[in-house]
Amino acid sequence: LEELCIYYEDAAFDKPHDLCVHFYRNWDLPSLRVLKARNIVPKLRADVLARVSECSLSIGRHEVDERNFYVWDLKAVMKLLGGLSEVKVLTLDFHGALITARFGKLPSVTLPTVEKLSTSFVGVNFETAKEFRRAFRAPNKRSWIVEIEDNITQGSLREQLADIFSYPKPIFVHFPDSV
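All values reported here derive from a predicted model rather than from experimental measurement. (Residues numbered from 1 in each chain as written. Predicted model: local features only at pLDDT ≥ 70, side-chain atom pairs only at ≥ 80, totals over all residues. Heavy atoms only, no water.)

Visitor: Is there a simple way to explain the packing of aromatic side chains in this structure?
Guide: A ring pair, where both rings are aromatic, is described by two values, the distance of the centres and the angle of the planes. Evaluation of the coordinates by the stated rule reveals seven aromatic pairs. Ring geometry for F94 against F132: centres 5.2 Å apart, planes inclined by 80°, an arrangement best described as edge-to-face. Highlighted residues: F94 in strand β5 (residues 89-95) and F132 in helix α4 (residues 126-135), separated in sequence by 38 residues. The burial state of F94 is the same as that of F132; both residues are buried. Here a set of aromatic residues connected by ring pairs shows up, and it is made of F94, F121, F132 and F136. Over the face of the ring belonging to F121 we find R133, whose NZ or CZ atom lies 5.0 Å from the ring centre. (Phe/Tyr/Trp six-rings, centres within 6.5 Å; stacked < 30°, edge-to-face > 60°. Helix = DSSP H or I, 4+ residues; strand = E, 2+ residues; numbered from the N terminus. Buried < 20%, exposed > 50% of the residue type's maximum accessible area, 1.4 Å probe, protein only. Lys NZ or Arg CZ within 6 Å of the ring centre and 35° of its normal.)

Below, the structure written as structure tokens:
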């Protein structure tokens, strides 16, 4: 199996963290290279995650969340990301106010192998998105697609852009006029 897609859409069962949902967690997947998940943070063996070269994770953009009010704690996402030591293409789609992270509580994850990154924080509380961006790094990315929106929940567009693309403040040097 080279590609595993796990799409969780069961509105009657509102606990996507329960182990019965992760029936695949102990599978031996020596050829797995692509992992795609929607409405679930996959739980796989460390040796399997270490071989994944492309990963797509989408949480909160689907009806199941709004009907069941399942709160997504980004600590589980960080645990998953920390295991992706060879990932080159990474898509992270976080949507809605039910995505949560408390300031200073997310473990830091750096993925130097990521070349192509796509992140979406539509409808996510500004402080939650900021905490994720503080904790996550992909320092060698060549391409980065960022999806955000200008709304009161997320802060102004200017605040978001300043947080995403934080640059050191410019230093102004005054040169006296030469005589």
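Following the structure, the description resumes.
Visitor: Would you explain the packing of helix α3 (residues 74-82) against α4 in this entry?
Guide: When two helices pack together, their arrangement is given by the angle between the helix axes and the distance between those axes. Remark: α3 packs on α4, axes separated minimally by 12 Å, with the N-to-C direction vectors making an angle of 25°. Classified by the angle between their axes, α3 and α4 sit roughly parallel to one another. α4 is crossed by α3, and the crossing has right-handed handedness. Residues L74, M78 and L81 of α3 touch α4, and the partners they reach there are T128, F132 and A135. Here the residues of the contact of α3 with α4 are counted per class, giving five nonpolar, one polar and no charged. (Axes fitted to C-alpha atoms, helices over the stretch in contact; angles between N-to-C directions. Parallel < 35°, antiparallel > 145°, perpendicular 65-115°, else oblique. Left-handed = near helix turned anticlockwise from the far one by under 90°. Contact = heavy atoms within 4.5 Å. Nonpolar A, V, L, I, M, F, W, Y, C, P; charged D, E, K, R; others polar.)

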